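Here's the letter readout for the chains.
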Amino acid sequence: MHISNDVQHAVPWRGTRAPVWMAAVALILGASSLAAQEEGGDAGEAEEATAAANTTQGVFSEEQATRGEDVFYNICAECHFEEDFGGPFIQSWAGASVKDLVDEIVATMPEDNPGGMPTEQYLDVVTYMFKINGMPTGEDELATDAMDAVEIAVDLDP
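Residues numbered from 1 in each chain as written. Predicted model: local features only at pLDDT ≥ 70, side-chain atom pairs only at ≥ 80, totals over all residues. Heavy atoms only, no water.

Undergrad: Mind showing me how you'd approach the side chain of Q64 here?
TA: Inspection of the secondary structure assignment puts Q64 in helix α4 (residues 62–74). Under the relative-accessibility criterion, Q64 is labelled buried at 1%. One polar contact links the side chain of Q64 to the main-chain amide nitrogen of L142, over a distance of 2.8 Å. Q64 has contacts with L123, D124, T127, E141 and L142, leaving out every residue within four places of it along the chain. (Helix = DSSP H or I, 4+ residues; strand = E, 2+ residues; numbered from the N terminus. Buried < 20%, exposed > 50% of the residue type's maximum accessible area, 1.4 Å probe, protein only. Polar contact = N/O pair within 3.5 Å; in protein donor to acceptor, adjacent residues only side chain to side chain. Contact = heavy atoms within 4.5 Å.)

As structure tokens, then:
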């Protein structure tokens with residue numbers, strides 16, 4: 001197949017320039033990987049440490065869940081019952097991050113004003129859902145900037 005000179009010049013990775021371009025990208029990626037390793041390990045180790053946290057490990061506090069209960073009864077209970085968020089509902093979120101669940105609720109609730117509450121209140125309600133599903137509380141609150149690092153795990157054998 002013949003590529004016209006116009007195309008060869010318009011697409012820098014085609015033709016004889018490909019080895020130079022690919023070598024430059026490889027060099028940049030290699031340097032980035034080396035820098036990450038020097039800063040405390042490789043990305044795989046960081047992901048393992050992050051993925052280790054889950055909702056069966058006391059990742060939210062009793063106080064946070066109590067605030068969530070207050071929000072639930074003042075706002076959510078207009079349309080929902082506690083039972084709506086037990087068993088099958090929470091099991092359907094197993095393996096997702098807490099952030100995934102919070103983002104879904106922010107995007108859809110309350111029905112007349114989706115996203116109308118502060119993110120912290122949505123997270124508090126979610127921790128209340130965890131509590132009514134028998135997930136243990138801990139000493140520290142789950143922060144909004146840590147939601148994506150915590151996986152929803154359902155202990156079916158409490």
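Additional details are given in the paragraphs that follow.
Undergrad: Can you walk me through the confidence of the model for the chain in this structure?
TA: Across the chain, the average pLDDT comes to 78, with 66% of residues at 70 or higher. Scored below 50 in pLDDT, residues 1–50 makes twelve contacts in the model with residues more than four places away or belonging to other chains. (pLDDT = per-residue confidence, 0-100.)

Undergrad: Which parts of the structure should I look at to understand helix α6 (residues 98–108)?
TA: Because an α-helix completes one turn every 3.6 residues, residues spaced three or four positions apart along the sequence face the same direction. Taken together, the buried positions of α6 are occupied by V98, L101, V102 and I105. When α6 is viewed along its axis, its buried side chains cluster within an angular range of 95° and face the same direction. Its buried side turned inward, α6 meets α5 (88–91) and α7 (119–132). (Arc of directions from axis to C-beta.)

Undergrad: Whenever I open this one, the layout of surface pockets confuses me. Can you help?
TA: Roughly 380 Å³ of internal volume is contained in the largest pocket. Taken together, 21 residues form the lining of the largest pocket, with C76, H80, I105, M109 and P110 sitting closest to its centre. Put simply, the parts of the chain that give the lining of the largest pocket at least two residues each are α6 and α7. Of the residues forming the lining of the largest pocket, the biggest block, four residues, is contributed by α6. (1 Å grid on protein atoms, 1.4 Å probe; cavity = no way out; pocket = protein on both sides within 12 Å on 5 of 7 lines; lining within 4 Å. Points joined across faces, edges and corners; volume = space filled by probe spheres on them.)

Undergrad: Would you mind showing me how to read α4 here?
TA: Given a rise of 1.5 Å per residue, 13 residues ought to cover 18 Å, and the 18 Å separating the end C-alpha atoms of α4 matches this to within 8%. Along α4, the residues classified as buried are Q64, A65, G68, V71 and F72. Along α4, the residues classed as buried sweep out an arc of 115° about the axis, all on the same side. Of the exposed residues in α4, those oriented more than 90 degrees away from the buried face are E63 and N74. (Expected span 1.5 Å × (residues − 1).)

Undergrad: What exactly am I supposed to notice about the packing of α4 against α7 here?
TA: Packed helices, taken two at a time, are described by their axes: the angle between them and the distance between them. The geometry of α4 relative to α7 is characterised by a closest axis approach of 7 Å and an angle of 105° between their N-to-C directions. Here α7 runs roughly perpendicular to α4, going by the angle between their axes. Where α4 abuts α7, its residues E62, Q64, A65, R67, G68, E69, V71, F72 and Y73 lie against Q121, L123, D124, V125, T127, Y128 and K131. Here the contact of α4 with α7 is built from residues that sort into seven nonpolar, four polar and five charged. (Axes fitted to C-alpha atoms, helices over the stretch in contact; angles between N-to-C directions. Parallel < 35°, antiparallel > 145°, perpendicular 65-115°, else oblique. Nonpolar A, V, L, I, M, F, W, Y, C, P; charged D, E, K, R; others polar.)

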